[in-house]
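Residues per chain, in single letters:
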Amino acid sequence: MLSRITQRQLEYFVASGEAGSIIGASERIHVSSPSISAAITHIESELGVQLFVRHHAQGVSLTAIGHQVLKEAKLILEQMLNLYTIASESMNNVRGPLRVGCLDTLAPMLTPELVFGFGRAFPGVRITLVEGNHEQLLKQLRTADIDIALTYDLVPASDIAFTSLAQLPPYVMVGEHHPLATQSAVTIQDLATMPMVLLDMPWSREYFLGLFSEAGVTPNVVMRSSNMEVVRSMVANGVGFGIANVRPKAHLSQDGKRLIRVRLAGTNRAMQLGYATAAHTQHSMVVNAFAERCRVFISDQYIPGMAAPSYFDPQVVRVA
């Protein structure tokens, strides 16, 4: 009977059971809700049992038999993953599944060269990319939903192993008509009374606000967003200044307005960019190979998709 139930269908069922809703599973594994619903219906039909109780607009809950099937399905998926690992190690070849998590704000820059470049270098690897905030990535490492995460050192944890690869110091971004647009550098104290647009993501928020508290001042936050591109657009449109660590090569917001990058003077804690894995875990050859690629491709001198650390806009603006 199980030969008529695919690995993908089991993955969709497990994701729904753990998320408590089909929509939640869809957001988590980036698969459409109808596809997940069809997979669950197929499994129920094949097994001849009801796995979920559907609640209108309130998700789903596992039946008693559903809980038992979920437990066995997770074991089956783990055993299937082990088959790839055994085959890969026996052939001394990098192949099999690789589940990479990446911080939302880093993904547009890092993933094309680092993640998908790895897939091109090793055609036998099947890559799944998961994006999320720092808190979500740590949770997925702990539940073994992802193998490795590209993120920051925001939250020290004994069950998470973090390898730092590069420093990303904070800088100030403003619109081209902002009073600070022609300054070569500013301090946190200079920014205290000016309107600020805050990147409001878990742990990142605490980091940015901490820059001000460490300097003994309070920021004037007038707008917040959990989306970096929204922050960049607000800044470009003159709503206020923003502080960021990532260094996109693009100098325009998504609505086509100019952004200026200004150096933040003083002693400010830099974000440590690197990769995180579950501690005390034996990793497959695929995960180890990807970690090695990260160590080779990411450094203080070069980060895939990002501008050079020494580049700031005001010098260019004055020359123009």
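Residues numbered from 1 in each chain as written. Predicted model: local features only at pLDDT ≥ 70, side-chain atom pairs only at ≥ 80, totals over all residues. Heavy atoms only, no water.

### Let's talk about the sheet that holds strand β3 (residues 96-103)
Just so we agree on the cut-off: When DSSP finds two or more bridges between two strands, those strands count as paired. By definition, any uninterrupted DSSP run of H or I lasting at least four residues is a helix, any uninterrupted run of E lasting at least two residues is a strand, and each is numbered from the N terminus. Every axis in this analysis is a line fitted to C-alpha atoms, fitted for helices over the stretch in contact. Angles between the N-to-C directions lie between 0 and 180 degrees.
Sheet architecture is open: 5 strands sit in the order β4-β3-β5-β13-β6, paired in mixed fashion. One side of each edge strand has no neighbouring strand; the edge strands of this open sheet are β4 (125-132) and β6 (160-168). When strand polarity is set aside, the average angle formed by the axes of neighbouring strands in this sheet is 20 degrees. Here 8 bridges tie β6 to strand β13 (residues 271-278), and the two strands are oriented antiparallel to one another.

### A word on the environment of Arg99
Just so we agree on the cut-off: Exposure categories follow from relative accessible area, calculated using a 1.4 Å probe and restricted to protein chains: below 20% of the type maximum is buried, above 50% is exposed, and the middle band is partly exposed. For this analysis, a polar contact is any N or O atom pair within 3.5 Å, provided that within protein one partner can donate a hydrogen and the other can accept it, and provided that sequence-adjacent residues contribute only side-chain to side-chain pairs.
For Arg99, the position within the fold is in strand β3. Taking relative accessible area as the criterion, Arg99 reaches 23% and is therefore assigned partly exposed. C-alpha separation for the pair Arg99 and Ala161, spaced 62 residues apart in sequence, amounts to 17 Å. Engagement of the side chain of Arg99 in a polar contact is seen with the backbone oxygen of Ala144, the distance being 2.9 Å.

### Observations concerning the pattern of salt bridges
The line we're drawing: Any carboxyl oxygen of Asp or Glu within 4 Å of a side-chain nitrogen of Lys or Arg constitutes a salt bridge here.
Counted by the stated rule, this structure contains 14 salt bridges. Residue Arg99 pairs with Asp147 through a salt bridge whose shortest N-O separation is 2.8 Å. Of the two residues, Arg99 sits in strand β3 while Asp147 sits in the loop between α6 (134-142) and β5 (148-152), which places them 48 residues apart along the sequence. One salt bridge connects Asp200 with Arg205, and the closest N-O pair in it is separated by 2.6 Å. Each member of the salt-bridge network shares a partner with another, and the members are Glu18, Arg28, Lys74 and Asp145.

### Regarding unusual backbone geometry
We note that Ala144 has phi near 60 degrees; this positive angle belongs to a residue other than glycine. The residue Ala144 is located in the loop between α6 and β5 in this model. The partly exposed category is assigned to Ala144, whose relative accessible area is 44%. One non-glycine residue, Trp203, lies in the positive phi region at around 75 degrees. With respect to the helices and strands, Trp203 occurs in the loop between β9 (195-199) and α8 (204-214). You can call Trp203 partly exposed: its relative accessible area is 34%.

### Remarks on the domain arrangement of the protein chain
Going by this rule: A domain assignment, automatic or from a database, supplies the domain bounds used here. Every residue pair with non-hydrogen atoms within 4.5 Å of one another is taken to be in contact. What counts as buried area is the accessible surface, traced by a 1.4 Å probe, that two parts surrender upon association, with contributions from both included.
Assigned domains of the protein chain: these are domain 1 (7-78), domain 2 (93-167 + 272-297) and domain 3 (170-269). Its C-alpha centre places domain 1 at a distance of 26 Å from the equivalent point of domain 2. In this complex, domain 1 contributes 5 residues to the contact, which on the side of domain 2 involves 6 residues. Both sides together, the interface formed by domain 1 and domain 2 hides about 390 Å², and carbon and sulfur atoms give 25% of it. It is Arg8, Arg28 and His30 in domain 1 that bury the most area against domain 2; as a group they hold 81% of the surface buried on that side. Counting across the domain 1 and domain 2 interface gives 1 salt bridge. In this structure, Arg28 engages Asp145 in a salt bridge whose closest nitrogen and oxygen atoms are separated by 2.4 Å. The tally of links between domain 1 and domain 2 comes to 1 residue pair in polar contact (both at pLDDT 80 or more). With 3 residues, helix α1 (residues 7-19) is the largest single contributor of residues to the side of domain 1 that touches domain 2.

### Focus: the sheet that holds strand β12 (residues 259-264)
Strand order in the open sheet formed by 4 strands is β8-β12-β7-β11, with mixed pairing between adjacent strands. Every interior strand has two partners, whereas the edge strands, β8 (185-186) and β11 (242-244), have only one. As defined by bridge partners, strand β7 (residues 171-175) adjoins β12 across 5 bridges and the pair is classed as antiparallel. Bridge pairing links Met173 to Arg261 in β12. Most of the contacts of helix α9 (residues 228-236) go to β7, to which it runs at about 55 degrees, and overall it touches β7, β11 and β12.

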